[in-house]
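Observations on chain architecture
What follows is the residue order along each chain.
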Amino acid sequence: SYLVDLTMLLKFRMNQQLRGGGGVKDSETLDNKQLEKEQEECIHRLMEMKAALEKMRPLEKRMRYQIDKLLALSTLGAGTFAATGREEEEEQKDEE
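Quick caveat: nothing in here was measured; it's all calculated off a predicted structure. (Residues numbered from 1 in each chain as written. Predicted model: local features only at pLDDT ≥ 70, side-chain atom pairs only at ≥ 80, totals over all residues. Heavy atoms only, no water.)

With that settled, the discussion passes to the overall build of the chain. Summing up its helical and strand segments, the chain has three helices and zero strands in all. Across the chain, helices and strands are ordered from the amino to the carboxyl terminus as α-α-α. Within the span of the chain, comprising 96 residues, buried residues form 10% of the whole. Expressed as a percentage of contacts within the chain between residues at least 6 apart in sequence, the contacts between residues at least 24 apart total 64%. In the form shown here, the chain has an accessible surface area of approximately 8,200 Å², with 56% of it arising from carbon and sulfur atoms. (Helix = DSSP H or I, 4+ residues; strand = E, 2+ residues; numbered from the N terminus. Buried < 20%, exposed > 50% of the residue type's maximum accessible area, 1.4 Å probe, protein only. Contact = heavy atoms within 4.5 Å. Areas by Shrake-Rupley, 256 points an atom, 1.4 Å probe, with all protein chains shown as cover.)

Below you can see the structure in the form of structure tokens.
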């Protein structure tokens with residue numbers, strides 16, 4: 001959804017540049033108002049999603065180790081993971 005809204009915003013901006021300095025007819029003013037309203041809604045949604053993603057970033061950083069462990073478990077298998085997990089835990093203890 002974020003990428004869809006971002007793409008729509010780029011489309012709005014490109015259309016504005018293409019129309020550029022040309023005069024606006026009366027029939028186009030309604031279309032322009034509609035497009036401006038849609039663009040404002042798009043920007044509002046983008047700002048909300050950006051704020052949510054920024055709030056989630058610290059949580060993702062804290063969970064990164066657990067996520068990596070689970071991914072390793074799914075790709076390496078349980079036997080290999082057990083040895084790898086012990087090595088990583090020892091490295092973390094050494095860092096502290």
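The next point concerns the pattern of salt bridges. All chains considered together, the criterion is met by three salt bridges. Here Arg45 and Asp5 are joined by a salt bridge, their closest N and O atoms 2.9 Å apart. Of this pair, Arg45 sits in helix H2 (residues 26–76) while Asp5 sits in helix H1 (residues 2–19), placing them 40 residues apart in sequence. Salt-bridge contacts for Arg64 lead to Glu60; the nearest nitrogen and oxygen are separated by 3.0 Å. Of this pair, Arg64 and Glu60 both sit in helix H2, four residues apart, roughly one helical turn. Owing to a relative accessible area of 34%, Arg64 belongs among the partly exposed residues under this scheme. A relative accessible area of 42% means that Glu60 is categorised as partly exposed. Ionic contacts of the salt-bridge type, sharing partners, join the residues Glu60, Arg64 and Asp68 into one network. (Salt bridge = Lys/Arg side-chain N within 4 Å of Asp/Glu carboxyl O.)

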